[in-house]
Amino acid sequence: MPTRAAKRRAIGCDARPIHPKTPKFLSFPAEIRNKIYKLLLVRGEIIEATYRRLSISLSSQLLQTCRQIHTEGLSVLYGENTWEIRFYDRPDLTASCYPVGIRGAFDDRESTGWGPQYSQLWSAAHKQRVLDHIRKLELVINYDDRQEVAQLRPDLRLFARQLKKVPQLNYLRLRCSSHLYPQRYYQHIRVDGSPVRGRGRVEVVKILRTWLGFLRDVKEVHVDINLDGHGILEDEAKMLKKLYQSSEPEEGPPLTDLYTSLEAFAEDDKFCKVSLRNALLATENGDGDGLEKARRQILHILATRLKMVKGIKGIANEKTAE
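The following refers to the structure shown. (Residues numbered from 1 in each chain as written. Predicted model: local features only at pLDDT ≥ 70, side-chain atom pairs only at ≥ 80, totals over all residues. Heavy atoms only, no water.)

Some words on the packing of helix H10 (residues 273-284) against helix H11 (residues 288-321)
Two elements in contact, H10 and H11, have axes separated by 8 Å at closest approach and are oriented at 165°. By the angle between their axes, H10 is roughly antiparallel relative to H11. Here the hand of the crossing between H10 and H11 comes out left-handed. Here H10 contributes Ser275, Leu276, Asn278, Ala279, Ala282 and Thr283 to the contact with H11, which in turn contributes Gly290, Leu291, Ala294, Gln297, Ile298 and Ile301. Class assignment of the residues belonging to the contact of H10 with H11 gives a composition of seven nonpolar, five polar and no charged. (Axes fitted to C-alpha atoms, helices over the stretch in contact; angles between N-to-C directions. Helix = DSSP H or I, 4+ residues; strand = E, 2+ residues; numbered from the N terminus. Parallel < 35°, antiparallel > 145°, perpendicular 65-115°, else oblique. Left-handed = near helix turned anticlockwise from the far one by under 90°. Contact = heavy atoms within 4.5 Å. Nonpolar A, V, L, I, M, F, W, Y, C, P; charged D, E, K, R; others polar.)

A look at the nonpolar core
Membership of the largest hydrophobic core comes to 64 residues, with the highest contact counts inside it found for Phe159, Leu163, Leu212 and Tyr244. Leaving out residues up to four positions away in the same chain, Tyr244 has contacts with Leu172, Leu174, Leu208, Arg209, Leu212, Leu215, Arg216, Asp217, Val218 and Val221. (Core = buried A, V, L, I, M, F, W, Y, C linked by side-chain atoms within 4.5 Å. Buried < 20%, exposed > 50% of the residue type's maximum accessible area, 1.4 Å probe, protein only.)

Here's the deal with the packing of aromatic side chains
On inspection of all chains with the given rule, the structure shows eight aromatic pairs. With a centroid separation of 5.5 Å and an interplanar angle of 20°, the aromatic rings of Tyr78 and Trp83 are classed as stacked. Taken as a pair, Tyr78 and Trp83 share a single burial class, namely buried. Site record: aromatic cluster; members linked through ring pairs are Phe87, Tyr98, Phe106 and Phe159. A cation over an aromatic ring shows up here: Lys164 above the ring of Phe214, its NZ or CZ 5.5 Å from the ring centre. (Phe/Tyr/Trp six-rings, centres within 6.5 Å; stacked < 30°, edge-to-face > 60°. Lys NZ or Arg CZ within 6 Å of the ring centre and 35° of its normal.)

A short note on helix H8 (residues 234-245)
With 12 residues, H8 extends 17 Å from end C-alpha to end C-alpha; this agrees with the ideal 16 Å at 1.5 Å per step. Residues Glu236, Ala237, Leu240 and Tyr244 constitute the buried set of H8. Viewed along the axis of H8, the buried residues span an arc of 100°, placing them on a single side of the element. The exposed set on the far side of H8, more than 90 degrees from its buried face, consists of Asp235, Lys238 and Lys242. Buried residues belonging to H8 abut strand S4 (171-179), helix H7 (199-211) and strand S5 (220-223). (Expected span 1.5 Å × (residues − 1). Arc of directions from axis to C-beta.)

Brief notes about the sheet that holds S5
Read across the sheet, five strands follow the order S2-S1-S3-S4-S5 without closing on themselves; strand pairing throughout is mixed. Single-partner strands in this sheet number two, and they are strand S2 (96-97) and S5. Relative to S5, S4 runs parallel, the two being bridged by four bridges. Of the residues in S5, the one forming a bridge with Tyr171 is Glu220. Set on the sheet, H7 makes contact with strand S3 (136-144) and S4; between it and S3 the angle comes to about 150°. (Pairing = 2+ DSSP bridges.)

Brief notes about the pairing of strand S1 (residues 83-88)
Consecutive side chains along a regular strand alternate between the two faces of the sheet. In terms of burial, S1 is a largely internal element, five of the six residues being buried. Pairing of S1 with S3 involves six bridges; the strand directions are parallel. Across the sheet, Arg86 pairs through a bridge with Val140, a residue of S3. As defined by bridge partners, S1 adjoins S2 across two bridges and the pair is classed as antiparallel.

Overview of the packing of H7 against H8
As a packed pair, H7 and H8 sit with axes 11 Å apart at the nearest point and diverge in direction by 10°. The pairing of H7 with H8 is recorded here as roughly parallel in orientation. Contacts from Arg201, Val205, Leu208 and Arg209 in H7 reach Glu236, Met239, Leu240, Leu243 and Tyr244 in H8.

Digging into the side chain of Asn142
Inspection of the secondary structure puts Asn142 in strand S3. For Asn142, the side chain forms a polar contact with the side chain of Ser177, separated by 2.9 Å. (Polar contact = N/O pair within 3.5 Å; in protein donor to acceptor, adjacent residues only side chain to side chain.)

Here it is, written out as structure tokens:
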């Protein structure tokens, strides 16, 4: 059976022969190939987050030519570009927004209101390959300064869980800004007490310190300061920057890991919601004793319910035997 090239030559599509001495791309030195990759795959500006299904306007088709080019170009595409991720504390918006190029690696939710589930289109191996090469991130966090950022916390925790799989970050920028959204956005959300200015900022700093506190040895960290007093304050920015650039390991098991294990164990039990909420607050406040107290409460609730279920089953078996 004639090959495709033979067919093209037969119909005159390949009338000009290829010179045998024409150099192939992979025959170039690695330095030359890297320069070509950067020209084709690196954008001179931040790759912004978007809800729309758009390409990132880069020549990423090059990565599909062969395995070696894919391996070499992947580190340039994901390691040399700066990726923006946005978080919103508004019930009328999906709380997190990612660039198309990395959405499937970070957005691990089962369903979203903004089109198909991207994470299901990516294999686990491809997600990890992308996370292995990411080096530069910019986080934009918008919140209402009067609220408890209830919409923001779950998505930031989900993001942090995926970020732990990134071996090393070289650049991180935090842009936190507060807005006074109309109260109609929060009419279905229960807020303890009356709205207080500054509450949102305090909660956001707690989240960034607690759930991103595992970051270490980040070479370049920038935390934007909102000079009007409605964003991250200067001393809070210095604290976060010092934490992320520190090379000292965490002492003992992180409270976040303990809480995550506890949540996975009891999140489906509606009787444990209050105790889980107390455990979350203790985790973000760095209160190990409070977390231990909440853990014991949850274990007591589950043990009591288990005894009740066994008792009901025993009574049912006795009636069946009669």
